[in-house]
Amino acid sequence: MAEAAPSNAELLEWPKKDKRRLLHAVYRVGDLERTIKFYTECFGMKLLRKRDIPEEKYSNAFLGFGPEESHFVVELTYNYGVSSYDIGTGFGHFAIATQDVYKMVEDIKAKGGTVTREPGPVKGGSTVIAFVKDPDGYIFELIQRGPTPEPLCQVMLRVGDLERSIKFYEKALGMKLLRKIDNPGYKYTLAMMGYADEYETTVLELTYNYGVTEYTKGNAYAQVAISTDDVYKSGEVVKLVTKELGGKITRQPGPIPGINTKITAFLDPDGWKTVLVDNEDFLKELQ
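Residues numbered from 1 in each chain as written. Predicted model: local features only at pLDDT ≥ 70, side-chain atom pairs only at ≥ 80, totals over all residues. Heavy atoms only, no water.

Where helix H4 (residues 162-173) contacts helix H5 (residues 231-245), the axes come no closer than 9 Å and their chain directions differ by 160 degrees. Of the possible angle classes, the one that applies to H4 and H5 is roughly antiparallel. Where H4 crosses over H5, the handedness of that crossing is right-handed. Counted together, Arg164, Lys167, Phe168, Lys171 and Ala172 of H4 and Val237, Val238, Val241, Thr242, Glu244 and Leu245 of H5 form the full contact between these two elements. Counted by class, the contact of H4 with H5 contains six nonpolar, one polar and four charged residues. (Axes fitted to C-alpha atoms, helices over the stretch in contact; angles between N-to-C directions. Helix = DSSP H or I, 4+ residues; strand = E, 2+ residues; numbered from the N terminus. Parallel < 35°, antiparallel > 145°, perpendicular 65-115°, else oblique. Left-handed = near helix turned anticlockwise from the far one by under 90°. Contact = heavy atoms within 4.5 Å. Nonpolar A, V, L, I, M, F, W, Y, C, P; charged D, E, K, R; others polar.)

Turning next to helix H6 (residues 279-286). One turn of the α-helix equals 3.6 residues, which is why residues spaced by three or four share an orientation. Along H6, the residues classified as buried are Asn279, Asp281, Phe282 and Leu286. The arc that holds the buried residues of H6, viewed along the axis, is 165 degrees, so those residues lie on one side. For H6, the exposed residues lying more than 90 degrees away from the buried face are Glu280 and Lys284. You can read the cap of H6 off the contacts: a side-chain oxygen lies 3.0 Å from the backbone nitrogen of glutamate 280, and it is on aspartate 278. (Buried < 20%, exposed > 50% of the residue type's maximum accessible area, 1.4 Å probe, protein only. Arc of directions from axis to C-beta. Polar contact = N/O pair within 3.5 Å; in protein donor to acceptor, adjacent residues only side chain to side chain.)

Before going further, it helps to examine the sheet that holds strand E5 (residues 91-98). With mixed pairing, eight strands are arranged side by side in an open sheet as E6-E7-E8-E5-E9-E12-E11-E10. In the strand order of this sheet, the two ends are held by strand E6 (114-121) and strand E10 (176-183), each with one partner. Taking each pair of neighbouring strands and ignoring which way they run, the sheet shows an average axis angle of 20 degrees. Note: strand E11 (residues 188-194) against strand E12 (residues 203-209), six bridges, orientation antiparallel. Paired with alanine 191 across the bridge in E12 is leucine 206. Sitting on the sheet, H4 is in contact with E10, E11 and E12, with an inclination near 0 degrees to E11. (Pairing = 2+ DSSP bridges.)

Here we take up the environment of arginine 51. Of note, arginine 51 is situated in strand E2 (residues 46-53). Classification of arginine 51 by relative accessible area gives partly exposed; the value is 25%. On a C-alpha basis, the gap between arginine 51 and threonine 77 in space is 9.8 Å, while along the polypeptide they are 26 residues apart. Not counting chain neighbours up to four residues away, the residues in contact with arginine 51 comprise Ser59, Asn60, Phe62, Glu75 and Glu285.

Treat this as a map of the structure, not an account of what it does.
Okay, structure coming up:
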């Protein structure tokens, strides 16, 4: 007898049981070598791997603070002949945790980097932060923290309805709401979403600016990738949640031609893209 399809209630439990973590953020750069040099020399990242796909006219580089098997990394994409992109108003920043923000900023300045906010305590708090801009205009927040297993600690995206986004990431992706900060003085609310404590892992920082419901996406930042043990089941969950909260599936679950890694891709209600990647296939790709 054929197995009965899981009920909606059972399906919605799946993301909480699944083995998930944020794998990488994908975005486009105008000069791969220039960005690799900046990230390795200024941020202390390691170049983990590079691949060139001439038939598709693009190259990738993967950088981070540890191996891809266990760390969140950035996947840079260089499209042949394209030297600049529009970042848009919706993408916020990436964040790097470091034990000495002042020293990191000094090093970045010495190497010609652009500092957009000098190091100092966050307004109304004691955490020392700074903001710097990479050669393509992507903003990186530097946060002073003790030793951490994951220095590449945040991806900040702006959203038009924070409660809807929190629900979406909880239900569709099984993330936990780690903390929420409302700052009426500066007219914004943030939600930190992730799979573990934000001092140990990478989180999504969703930002709602009072009264702003829409942002431009530009063509620079692409997506985050998250691991799953079953892209098909995960795809069913996303399908259910998009019916309730908005968003849409942009790639049905299945293997990528030529690589055979199983993935599914979708947009959240604000149009931010996530790709779910099969855990085993991802590890095979790294071998």
